[in-house]
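Summary of structural features
Take a look at the letters that make up each chain.
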Amino acid sequence: MITTERLKSELIELFNLEGVNAGEIAEDAPLFHEGLGLDSVDAIELTIFLDNEYGIVFSNIAESEKVFASIRALQDYINIHGKL
Amino acid sequence: MQKKRVFVNAYESLSCAGNSAELMEAVYAKKSGITIDTSYMPEHKAGLGIFATGEFFASLVAVTQAVLRKSGLDDFKETLLIVGSSVGGIGKSEQIFFKEQSYKNINPKEHAVSVISDTLNGAFGFKESRSISTACTSSTNALMLGQRLINIGAYDNVLVVGADALCYTTVCGFQALGVLSDEKCTPFQKGRKGMNVAEGIAAVLLQDRQTEESVELCGSAGSSDAFHMTNPDPEAGGAISCMQKAIEDAGIEPGDIDYVNAHGTGTPANDTVEALAVSTLLPHNPCMSSTKAITGHTLGASGALEAVIACEVIKRQKIAPQASLQEAENMNVNLPLEAVDQKIRYVLSNSFAFGGNNTALVFGALK
Amino acid sequence: MKMNFMIKAMAKVTAAESCENLDEKRIVPMMMLRRRLTRSARIMVYLADRCGFSEGPVVYGSAYGEMQATADIVGAIAAKEAISPTAFQNSVYNTAPSYFSLLHKNREEMITVSSGDATSANVLQTGALQALIKGREVLLVCSEAINIPNIDEVNSCTEYLESGVALTLVPTEAEANTEVPKKEHKGYAPSLWAMLDLLDACEGRSGCVVALEL
């Protein structure tokens, strides 16, 4: 099982979020556009990361959009579908 | 100061559709030169524009030689060369690195953008040369600067050469961004899938003297979106700004534009924003088409290649149709499905690049 | 054709390996933008800040562009790994001025020159042209950032792996009052030399007026 802390620290490294610590990222806040403010290029980086680290591949954009909604949604998805 | 007028007096090009004459035949026949390729990415098909024959640098010299012949000049000794290229010599560096996993045998001078001007200086001996590298507006910006230098009388002759070879970096890079189509691109189409990367070479001679065959380069302008590195401003502010300023620079009104040669890459983002920009600025609804449906997107060469097309459209007084279009996404723009004979006084040619860099050119028929 | 230009501001930065103290957090307070800046982009926004310039046209130059991004992409392809879209968008030669444009919401013309060893000479010419055409102050920046792993496989003459030089100029009717001798700037990439010549000639003086070729 991946913890919230571990996922947050992986994302901080992936997106090069300088000076941000895990405590500052709310579990239920949006990741994209509002909230953390990630953009479409970050979304692609996240897709590549999930494939490389957890063997997760989405069949369409709508599916990934639901999963990318928040840290909690992402964490739940990885814990269900990811190769851990 | 009094601006000297600028005339396009000779040009030649090479794309996947062939030389300029072959290209225009393909444009009017709506025959795409794109092929579906799996050599760059075996797991992904890619719609690419690939030259039928010829090594890139040899073709570069040949195209420039053709312009010299057409120009009536004895040589290029009194001509400034301005190159527009985004790739330069990356292709050769890639091949060396893939083979050797080391940079040792890469010649930095053959890697850089300046390899294009070095090759041409070696073959022709220009008075002076400069190279512009602003991604997809490279040779459009080169034309803009060339126009300005002739306007102020700094040079009488400027040869603008746009040149970009296919390479793994751009093919795989656009795939990584999710904008490369696995089919022939369909600019302005509802539900379009993306762009086709292509190689291209175009050489355009600008001079301060008018001939019977001249097309005038009347105006140009650039702008920056200041919005995002790769996504265009959805409100089209930057695109509208550069088009408007280019039209003002030409000393004409928006209503004088008879044809728009669009940037029209076939990506969801670009074409939506460009259609909005054109319908907002040019409500008289002039014909518009993207000839990238024929040539693909030749990146840094696209400005010069599409300048050739703009000039040919003016000389032939025949609108280029929008190839590969079934159903337009934006019904407020006029995308002719067939070639149209009509009076064409002014053509607007757009280029939009990474970094939100935008440049527009206005070409005019001789009065 | 030569015209006269007044040099309003100048700055340079250089390092054997990596320019420190580029004051990034102050100059680029928005972390979501700052995180993506390449080395060239950080050098450029720093030099622009030192010149007190944020609005107006820009001419940028680099002979070798975004080497790290290019190396990352080609390395990934060679290793049959996924390419980072961030690396690709950061690999174009006009990456640095584009981030400058984003930072300051600057919607003016941004030209990037890449002419090998003649880069900064061409930046001066192009900057002079743009200043004349626009009738206003233009920022000129030239930089090289080649501190990437294994660069010593191809570099044997550039000692300062990161360096940048910037100036702003504006057209003037005043007489030229400064000669600019050509010098050899040992350790610097030759692509920067022409602008370094100008900085040396104007160092410690204000109101320098130089004649520049367009």
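Residues numbered from 1 in each chain as written. Chains lettered and ligands numbered in written order. Predicted model: local features only at pLDDT ≥ 70, side-chain atom pairs only at ≥ 80, totals over all residues.

**Quick word on the overall build of chain A**
The helix and strand inventory of chain A stands at four helices and zero strands. Written out in order from the N terminus, the α and β elements of chain A read α-α-α-α. By the compact-globule yardstick of 12 Å for 84 residues, chain A fits well, its C-alpha radius of gyration being 12 Å. Relative to its full complement of 84 residues, chain A shows a buried share of 25%. In chain A, 58% of the contacts between residues at least 6 apart in sequence involve partners at least 24 apart. (Helix = DSSP H or I, 4+ residues; strand = E, 2+ residues; numbered from the N terminus. Rg over C-alpha atoms; globule rule 2.2 N^0.38 Å. Buried ≥ 20, exposed ≤ 12 C-beta atoms within 10 Å, placed from the backbone. Contact = placed C-beta atoms within 7 Å.)

**Let's talk about the interface of chain C and chain B**
Tallying the contact residues gives 44 residues for chain C and 47 residues for chain B. Of all the secondary structure elements, the ones that give two or more residues to the side of chain C that touches chain B are α4 (67-78), α5 (85-89), α6 (95-104), β3 (110-113) and α7 (119-134) of chain C. Considering every element that reaches the side of chain C that touches chain B, the biggest residue donor is α7 of chain C, with six residues.

**Regarding helix α2 (residues 56-71) of chain B**
All names here are of chain B. Here α2 spans 23 Å end to end across 16 residues, near enough to the 22 Å set by a 1.5 Å rise per residue. Buried within α2 are the following residues: Phe-56, Phe-57, Leu-60, Val-63, Thr-64, Val-67, Leu-68 and Ser-71. For α2, the arc enclosing every buried residue in end-on projection is 145 degrees, short of the 170-degree limit, so these residues lie on one face. Across from the buried face of α2, at angles greater than 90 degrees, the exposed residues are Ala-58 and Arg-69. The secondary structure elements touched by the buried residues of α2 are β1 (7-15), α5 (115-124), β7 (157-164) and β9 (200-207). Where α2 ends, the next residue or the one after it, Gly-72, has phi of about 80 degrees, a positive value. (Expected span 1.5 Å × (residues − 1). Arc of directions from axis to C-beta.)

**Some thoughts on the packing of α2 of chain B against α5 of chain B**
Residue and element names in this part refer to chain B. Two numbers describe how α2 lies on α5: the axes approach to 10 Å, and their chain directions differ by 55 degrees. With respect to α5, the axis of α2 lies oblique. In this structure, α2 crosses over α5, and the sense of that crossing is right-handed. Seen from α2, the contacting residues are Phe-57, Leu-60, Val-61 and Thr-64; seen from α5, they are Ile-116, Thr-119, Leu-120, Ala-123 and Phe-124. Broken down by class, the residue content of the contact of α2 with α5 amounts to seven nonpolar, two polar and no charged. (Axes fitted to C-alpha atoms, helices over the stretch in contact; angles between N-to-C directions. Parallel < 35°, antiparallel > 145°, perpendicular 65-115°, else oblique. Left-handed = near helix turned anticlockwise from the far one by under 90°. Nonpolar A, V, L, I, M, F, W, Y, C, P; charged D, E, K, R; others polar.)

**Looking at the pairing of strand β4 (residues 46-49) of chain B**
All names here are of chain B. Across the two faces of β4 the burial is the same, with Ala-46 and Leu-48 and Gly-47 and Gly-49 all buried. Alignment of strand β3 (residues 35-37) against β4, held across three bridges, turns out to be antiparallel. Bridged to Asp-37 within β4 is Ala-46. When β4 meets strand β8 (residues 197-198), the two strands line up parallel, connected through two bridges. Directly across from Gly-49, in β8, lies its bridge partner Ala-198. (Pairing = 2+ DSSP bridges.)

**A look at the interface of chain C and chain A**
Across the boundary between the two partners, chain C contributes nine residues, which contact 11 residues of chain A. Elements supplying a minimum of two residues to the side of chain C that touches chain A: α2 (31-34) and α5 of chain C. Residues that form the side of chain C that touches chain A fall into these classes: four nonpolar, three polar and two charged.

**Points about the nonpolar core**
The biggest cluster of nonpolar side chains holds 208 residues, and the ones touching the most others in it are Val-204 and Phe-363 of chain B together with Leu-140 and Met-195 of chain C. Here this core takes nine residues from helix α11 (residues 302-316) of chain B, the largest share from any one element. For Met-195 of chain C, the residues in contact, after removing those within four places along its chain, are Ser-120, Val-123, Leu-124, Leu-140, Cys-142, Val-165 and Leu-167 of chain C. Leu-31, Leu-36, Leu-46 and Val-67 of chain A belong to the second-largest nonpolar core, a separate cluster that totals 14 residues. (Core = buried A, V, L, I, M, F, W, Y, C linked by C-beta atoms within 7 Å.)

**Digging into the sheet that holds β4 of chain B**
Spatial strand order, β3-β4-β8 (chain B): three strands in an open sheet with mixed pairing. With partners counted over all chains shown, the strands left at the sheet margins are β3 and β8 of chain B, one partner each.

**Digging into the confidence of the model for chain B**
Here chain B shows a mean pLDDT of 97. Residues at 70 or above account for 100%. Both scores are available for the predicted complex, with the pTM at 0.98 and the ipTM at 0.98. (pLDDT = per-residue confidence, 0-100.)

**A few points about the environment of Thr-3 of chain A**
All names here are of chain A. Here Thr-3 shows up in the segment before α1 (4-14). Using a count of 10 C-beta atoms within 10 Å as the deciding quantity, one classes Thr-3 as exposed. In this structure the C-alpha to C-alpha distance between Thr-3 and Ile-80, which are 77 residues apart in sequence, comes to 13 Å.

**Points about the environment of Thr-35 of chain B**
All names here are of chain B. For Thr-35, the location among the structural elements is in strand β3. Taking the C-beta count within 10 Å as the criterion, Thr-35 has 16 such neighbours and is therefore assigned partly exposed. Leaving out residues up to four positions away in the same chain, Thr-35 has contacts with Leu-48 and Ile-50.

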